[in-house]
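The lines below spell out each chain.
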Amino acid sequence: PGERMLVWHLATPEDDGEILLEVSDAVRESLIGAMDREEMLAAVDDLDADELAELADDLPPEVVDEALSSRDAEERAQVDAARSYGDHQVGAIMDFELVSIRADVTCEVVLRYLRRFDSLPDHTDKIFIVDDDDVLRGVLPIRKLLVSDPDDRVEDVMIKKDVVRFSPEDDVEEAAQAFERYDLVTAPVVDGEKHLIGRITIDEIVDVIREESDADMRNMAGLQEEEDLFAPVWDSVKNRWVGLAVNLCTAFVASRVIGVFSGSIEKIVALAALMPIVAGIGGNSGNQTITMIVRALAMGQLSTAQAGRLLKKEIGVALVNRVIWGSVMGLISWILYGSVGIGLVMVAAMTLNLLLAATVGVLIPVMMEKFGKDPALGSSVMITAVTDSGGFLIFLGLATLFLL
């Protein structure tokens, strides 16, 4: 739970252990569907509140209700709280298992308190300092506790300022960016009155980053929603048809551009062999640019205000590539077809298409981000469409003007 995993308890005469088996959503639903009510209750009996909340939507309501009835009021409230937040909110992934202490005790008292635990909660790198009303006052890193004088008071050694904290309504993507920026392992979650209600741990953030990366890759390929590898055929068809339909339309536009210059191609057959090179290198260059921009936007490394500066940089890259690869292809075209004109047209067409690819590769994701759309959604399809049609138009247009 929380990591798209099922925990199977294996009881044998020699051992009693746990195996973590990572499965797809479709397989997980099938496995849960094959379990009877008693097996489900036994499986969720030892789960923490946040784990039960994560798995609750996959279980029958009556099983969830019965599982909650055996918990105390605090755990029931925690499960209800976690389930009340959307998947994109911090509250949906926060962990309720944490260590908190008051500030008016000594470090020796804290160490004695920690020794009473059989084991600390996973990823415990800091202790949260609260007052009598559970209002967060600061944090005490474990490494600082270990090197402090046992007689020092917690309030004298704890970190009070610049403590990274989150609200349960915060976006999980922004939380992931903060974890990366500040190298966090855990961070407190507080409500509107600054009461400590939970924490976020790095394992949950890694899941968020992985899911966002998967979503970006799917979106760039034109897949509109998450598709399970073992999903039914019809579900996969429904998920992919829009991207394929858009691709077909853009390919039709490119074919019509070629059709306009069919007379030129009939007179200079070499154009048919060379024009895919112009379109292909433009598409590849555009995809490189758009991948970098989408990644930077997703990680919070780029704002729309920086688009102009970035555009200048990408145009500079395109011009350098033009000098290198445009000259190479121009020379090859001259040698193959014995025509200086074809070589010069090849150089000019590759230059213009690389500039087009750089410009559109920056503008597409930046404009989508500005208008509140996912910058990865169909970006790869759009950049390929522009560079294909634009490349054919530029190359065939130049050839028609200067070679015929």
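The sections below set out a description of the structure shown in this document. (Residues numbered from 1 in each chain as written. Predicted model: local features only at pLDDT ≥ 70, side-chain atom pairs only at ≥ 80, totals over all residues. Heavy atoms only, no water.)

1. Topic: the packing of aromatic side chains
The condition that has to hold: In this scheme Phe, Tyr and Trp rings, the latter by its six-membered ring, pair at centre separations within 6.5 Å, and the angle between planes marks the pair as stacked below 30 degrees, edge-to-face above 60, and tilted otherwise. Only protein chains enter the area calculation, which uses a 1.4 Å probe; residues under 20% of their type maximum are buried, those over 50% are exposed, and those in between are partly exposed.
All told, the structure shown has 2 aromatic pairs when counted by the stated rule. Between Tyr-113 and Phe-117 the ring centres are 5.3 Å apart and the planes differ by 85°, which places this aromatic pair in the edge-to-face class. We classify Tyr-113 as partly exposed; its relative accessible area is 30%. With relative accessibility at 29%, the residue Phe-117 sits in the partly exposed group.

2. Structural notes on unusual backbone geometry
For clarity, the threshold we go by: Secondary structure elements follow DSSP: runs of H or I of four or more residues count as helices, runs of E of two or more count as strands, with numbering from the N terminus.
Phi is positive for Asp-134, which is not a glycine, with a value near 65°. Along the chain, Asp-134 turns up in the loop between strand E4 (126-130) and strand E5 (136-141). A positive phi angle, near 55°, is found at Asp-183, a position not held by glycine. Judged by relative accessible area, which is 68%, Asp-183 ranks as exposed.

3. A short note on a negative patch on the surface
Basically, it comes down to this: Patches here are clusters of residues that have more than 30% relative accessible area and form no salt bridge, with a 9 Å joining cutoff for like charges and a 5 Å cutoff for nonpolar side chains (Val, Leu, Ile, Met, Phe, Trp, Tyr). Per-residue accessibility takes into account occlusion by the displayed protein chains alone, with areas from the Shrake-Rupley method and a 1.4 Å probe. One side-chain nitrogen of Lys or Arg within 4 Å of one carboxyl oxygen of Asp or Glu is enough to make a salt bridge. A positive count includes Lys and Arg, and a negative count includes Asp and Glu. His and the chain ends are not counted in either. A single reference atom marks each charge: NZ on Lys, CZ on Arg, CG on Asp, CD on Glu.
A cluster of acidic residues, Asp-149, Asp-151, Asp-152 and Asp-156, forms a negative patch at the surface. Mapped onto the elements of the fold, Asp-152 is located in the loop between helix H7 (142-147) and helix H8 (154-157).

4. Observations regarding helix H2 (residues 37-44)
For the record, the criterion: Picture the helix axis, draw a direction to every C-beta atom, and the arc is the one those directions span.
Those residues of H2 that sit buried are Met-40, Leu-41 and Val-44. Down the axis, H2 shows its buried residues gathered within 100° of arc, on one side only. Projecting away from the buried face of H2 at angles above 90 degrees are the exposed residues Glu-38 and Ala-42.

5. Describing the side chain of Thr-186
Heads up, the condition is: In protein, a polar contact means a hydrogen-donor-capable atom and an acceptor-capable atom, both N or O and within 3.5 Å, with residues adjacent in sequence counting only if both atoms are side-chain atoms; elsewhere, any N or O pair within 3.5 Å suffices. Here, two residues are considered to be in contact whenever any of their heavy atoms come within 4.5 Å of each other.
If you trace the backbone, Thr-186 turns up in strand E6 (residues 186-190). Polar side-chain contacts of Thr-186 include one of 2.5 Å to the side chain of Asp-125. When residues no more than four places from it in sequence are discounted, the contact partners of Thr-186 are His-123, Asp-125, Lys-126, Phe-128, Phe-179, Arg-199, Ile-200 and Thr-201.

6. Considering a nonpolar patch on the surface
A surface patch of nonpolar side chains, amounting to about 710 Å² of accessible area, comprises Val-320, Val-323, Ile-324, Trp-325, Val-328, Ile-332, Leu-336 and Tyr-337. Summarising the element assignment, Tyr-337 is placed in helix H14 (residues 307-337). Judged by relative accessible area, which is 34%, Tyr-337 ranks as partly exposed.

7. So, the environment of Leu-244
Relative to the helices and strands, Leu-244 is located in helix H11 (residues 233-260). Taking relative accessible area as the criterion, Leu-244 reaches 58% and is therefore assigned exposed. Along the chain, Leu-244 and Val-381 lie 137 residues apart, while their C-alpha atoms are 9.3 Å from each other.

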